[in-house]
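Analysis of the macromolecular model
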Amino acid sequence: MTAEDHAESWSGFDNAAELDRCWQELTALARELARESIADRFADDPERAESFSIEAAGLLLDYSKSRISRSARDTLLRLAELRGVPDATQAMFRGDRINESENRPVLHTALRDRSGRTVLVDGEDACALARAECDRMLAFVRRVHADEHRGATGEPLDTVVNIGIGGSDLGPQMVVEALRPYGLKGRRTFFVSNVDGQHLGDVLDQLDPARTLFIVASKTFTTQETMTNAASAVDWFLASGMAREDIATHFAALSTNSEAVQNFGIAPDNTFAFWDWVGGRYSLWSAIGLSIALHVGADAFLELLQGAYAMDRHFAEAPMTQNAPVLLALVGIWHRNLEGIGVHAVLPYDQHLHRLPAYLQQADMESNGKAVARSGRPAPLATGPVLFGEPGTNGQHAFYQLLHQGSDKVAADFIVAARSQREMGDHHARLLANALAQPRALMNGKALERVNDELRAAGLDEQAIAVLGPQKVFPGSRPSNTILMERLTPHSLGALIALYEHKIFVQGVIWGINSFDQWGVELGKELARELLPLIDGEGGDAAASLDPSTRRLLSWIRARRGAR
Ligand code: F6P
C-alpha cells in the first residue's frame, strides 16, 4: 500500500483538512525525492550526518541513510504535531485511559519511575505501587541469592524455569540472553513457553527438582499454554519425589490475577503482582522481570530500569525535533507509508541480542498490526510492517541477498555496540567493520558501469558481461538506521528497549490505532478450544460442522493417532 491509496482517508479526523494538506505535501516530497538516491542527499547537504542523528540516554541514533530531506523531516514533524503526538505522550505518562478498548491506562513507564513522581490511577499512585512491589520482589531475589530461601531439602535454588508465553516470556528471555555476562555465577535460567510438550520436556530433563524454582509468569493466569505447562511442571515435581507442601518453596507466580494464583496453590509470599495498566508486551519491567533479576541480580535489574527511565525522560521532555523515539517513528512512517516498504529488519550486530528481533516482533506487530483505527473506521494509512531479523553477521550469510538485490525493499535497523561485552582478539573490530559496511552497501549500491568495468578487468567478453553484469548490480538507496551504544549494559539495554517502545507508541498515534490491545489473537484461541476435544476424542457432529479442509486434516491426523 502506498501513500496514494490513503490520501483521502484522513476524513474521520477532527483536523482532516490540515492533515490532508500535510499528507499531500509529504506525498509530493516523496515523489520528488524518489528521483534521487539516498547518497545524493549527502552530496546536497554536507551537514547531513550530524543533522540526521541524535544522542539520547547514551544511544546514538543515525537516521541519515534514508531519502528524507530536511523539508520532508519538517513536514513529518508537522504530521506528528497534527496527530497530537505531544499531547498523547503526556496523556500516557499521566495515566489517562489511553487503552480505550480495554478501558485502561498504559503505564509501563511508571514501573521504571523511582523518582518519587506521583501518577494516580483510581486514587492510587502507580509509581509507588510499582516501586513497593519491585522492592518486595528484589528482596525475594536477594534471599534466594543469599541461600536464605532454599529448596525444601535445603539445597540452594540455583536453577530457574520461567513458564510463560508472549510478553511473559519474550522480554525476560531476551534480556537474560542480552545480559549473559552479567549472569551470576552458577545460576541457570530456562524459559518454557510453547504448549508443545517437547519444550517443557527438554528443559525438565536438565533439572534437579531440589534446586529448581519454577516461575509461573502470566498476566491473566489463564493462558492455555502457560497453565498447561505449569500443571505439567507440578506433576513432574511431585513425581520426582517432592512433596505437595514443597510447592510453596519451589513455585513462584507473577500475575495480575491473585485469585487464580491462589487457586493454583502458589504461596502469597512467592507471588508478585502487577496491574492491568501494564500491557503483557510491556511487562518485563514489572514482576515479570523476576527471572531477569534472579539471573543478573537486583542491582543490574535496577540499572535496566534506570536505562529505560532515562529514555522515558528524554521522550517526555525533549522537543520533537530532538526526540529520538519520535524521529525513529517518523522515519518508519516515511518508509512504510511514503515509500511503501512493508518489511522491517532488526539487525543487532551483537550475538547476545539474538532474541531482540523475536521480542520486537511481539512489541511491534502485536501493538501496531491493526488496520482499524480507534474510531472504528479503517486506519488512515497502512500500519505496522512485518518485522524480522537475526544478529549480524549471521544474517549476512542467509537473507541479506534479498536485502541487497530482492524485488522488494526492506528497511533495516542496525544495532551496534562500540565495545564488546567480551573482547577476543580482533573479533569485535571485524564485527564492527561488517556493521558499518552493510548499511553503506545498502545505501550506495554498485552501479552497472562499475560492475562491467570489474568484469572486463577480470577478462570476460562483452557477451558474457551483458548477461552477468546486471545480475551483479546492487541498486542501492535501500534505507537503514543505525543505533549505536558504547557497550551492551543493563542501562543501555533498558534505553534501547524503551526507545522501541516509544517509537511503536508514536507510530500508533500517527496511524490513529490503539497500540495496547490485541483483539487479533482471540479468534485462533477460540477455535483451538473448539478443536481440542476433536483431536483425540469423539469426532461426532462438531467435526461435521468444520470446513472441508480442516475436516480432512483432522481426519488424517486422527487416523494416525489411533483416535476413534
Ligand atoms: O495471546 C497474546 C497474549 O495475550 C499476549 O498479549 C501476552 O503477552 C501473552 O498472550 C501472554 O499472556 P499472559 O501473560 O496473560 O499469560
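In this report, we go over the structure that sits alongside the text. Since we're looking at a predicted model, the values are computed, not measured. (Residues numbered from 1 in each chain as written. Predicted model: local features only at pLDDT ≥ 70, side-chain atom pairs only at ≥ 80, totals over all residues. Heavy atoms only, no water.)

1. Observations concerning the pairing of strand 8 (residues 251–255)
- Where burial is concerned, most of strand 8 is hidden: 5 out of the 5 residues are buried.
- Burial along strand 8 is two-sided: the residues Phe251, Ala253 and Ser255 and Ala252 and Leu254 are all buried.
- Across 4 bridges, strand 7 (residues 212–217) lies against strand 8 in parallel orientation. From the neighbouring strand, Ala217 faces strand 8, where its bridge partner is Leu254. (Buried < 20%, exposed > 50% of the residue type's maximum accessible area, 1.4 Å probe, protein only. Helix = DSSP H or I, 4+ residues; strand = E, 2+ residues; numbered from the N terminus. Pairing = 2+ DSSP bridges.)

2. Section: the pairing of strand 5 (residues 159–163)
- The buried fraction of strand 5 amounts to 5 of the 5 residues, a majority that puts the element mostly inside the structure.
- For the crossover that starts at strand 5, traverses helix 9 (residues 170–178) and ends in the parallel strand 6 (residues 188–192), the hand is right-handed.
- Of the pairings in the sheet, the one linking strand 5 to strand 7 comprises 5 bridges and is parallel in character. Bridge assignment links Asn162 to a residue of strand 7, and that residue is Ile215. (Right-handed = clockwise from strand over helix to strand, strands pointing away.)

3. Digging into the sheet that holds strand 8
- In spatial order, the strands read 6-5-7-8-9; together these 5 strands make up an open sheet with parallel pairing. Edge positions in the sheet fall to strand 6 and strand 9 (271–273), since each of these pairs with one other strand and no more. On average, adjacent strands in this sheet sit at an angle of 15° to one another, irrespective of strand direction.
- Summarising the sheet, strand 5 and strand 6 pair through 5 bridges and their orientation is parallel. Residue pairing for strand 6: Thr159 is matched across the bridge by Arg188.
- Each of strand 7 and strand 9 touches helix 8 (residues 126–145); the most contacted strand, strand 9, lies at about 155° to it.
- Sheet contacts for helix 10 (residues 197–204): strand 5, strand 6 and strand 7; angle to strand 6, the most-contacted strand, approximately 165°. (Axes fitted to C-alpha atoms, helices over the stretch in contact; angles between N-to-C directions. Contact = heavy atoms within 4.5 Å.)

4. What to know about the site of the ligand
- Taken together, 14 residues sit near the ligand, with Ser168, Ser218, Thr220, Thr223 and Glu366 positioned nearest.
- One of the side-chain nitrogen or oxygen atoms of Thr220 is found 2.6 Å away from an oxygen atom of the ligand.
- Between an oxygen atom of the ligand and a side-chain N or O atom of Thr223, the distance comes to 2.5 Å.
- Within the complex, 87% of the 390 Å² of free accessible area of the ligand lies under protein.
- With respect to the pocket detection grid, the ligand is positioned in the largest pocket.
- Among the residues making up the shell around the ligand, the classes are represented as 2 nonpolar, 9 polar and 3 charged. (Near = heavy atom within 4 Å. Polar contact = N/O pair within 3.5 Å; in protein donor to acceptor, adjacent residues only side chain to side chain. Areas by Shrake-Rupley, 256 points an atom, 1.4 Å probe, with all protein chains shown as cover. 1 Å grid on protein atoms, 1.4 Å probe; cavity = no way out; pocket = protein on both sides within 12 Å on 5 of 7 lines; lining within 4 Å. Sits in = over half its atoms within 2 Å of the grid points. Nonpolar A, V, L, I, M, F, W, Y, C, P; charged D, E, K, R; others polar.)

5. A few points about the side chain of Asp364
- Among the secondary structure elements, Asp364 is positioned in helix 17 (residues 356–368).
- This buried residue, Asp364, is left without a salt bridge; Lys503 holds the nearest opposite charge, at 4.3 Å. (Lys, Arg positive; Asp, Glu negative; His and termini not counted. Salt bridge = Lys/Arg side-chain N within 4 Å of Asp/Glu carboxyl O.)

6. Notes on the pattern of salt bridges
- Applying the stated rule across the entire model yields 30 salt bridges.
- Two residues, Arg211 and Glu155, come together in a salt bridge whose shortest N-O distance is 2.9 Å. Within this pair, whereas Arg211 is found in the loop between helix 10 and strand 7, its partner Glu155 is found in the loop between helix 8 and strand 5, the two being separated by 56 residues in sequence.
- Sharing partners across several salt bridges, the network here consists of Glu36, Arg41 and Asp44.

7. Comments concerning the packing of aromatic side chains
- The final tally for this structure, using the stated rule, is 16 aromatic pairs.
- Residues Trp275 and Trp277 carry aromatic rings whose centres are separated by 4.9 Å and whose planes lie at 5° to one another, so their mutual orientation is stacked.
- Here the basic side chain of Arg73 rests over the ring of Phe52, its NZ or CZ set 4.1 Å away from the ring centre.
- The ring of Trp556 carries Arg560 above its face, with NZ or CZ at 3.5 Å from the centroid. (Phe/Tyr/Trp six-rings, centres within 6.5 Å; stacked < 30°, edge-to-face > 60°. Lys NZ or Arg CZ within 6 Å of the ring centre and 35° of its normal.)

8. Regarding the environment of Asn444
- Mapped onto the elements of the fold, Asn444 is located in helix 19 (residues 427–444).
- The class for Asn444 is partly exposed, based on a relative accessible area of 37%.
- Between the C-alpha atoms of Asn444 and Gly476, which are 32 residues apart in sequence, the distance is 4.9 Å.
- In contact with Asn444, not counting residues within four places along its chain, are Ala39 and Gly476.

9. Remarks on the packing of helix 17 against helix 22 (residues 490–511)
- Where helix 17 meets helix 22, the axes come as close as 10 Å, and the angle between the chain directions of the two elements is 20°. On the basis of the axis angle, helix 17 is roughly parallel to helix 22. Between helix 17 and helix 22 lies a crossing whose hand is right-handed. On helix 22, the residues touching Leu356, Tyr359, Leu360, Ala363, Asp364, Ser367 and Asn368 of helix 17 are Leu496, Ile497, Tyr500, Glu501, Lys503, Ile504, Gln507, Gly508 and Trp511. (Parallel < 35°, antiparallel > 145°, perpendicular 65-115°, else oblique. Left-handed = near helix turned anticlockwise from the far one by under 90°.)

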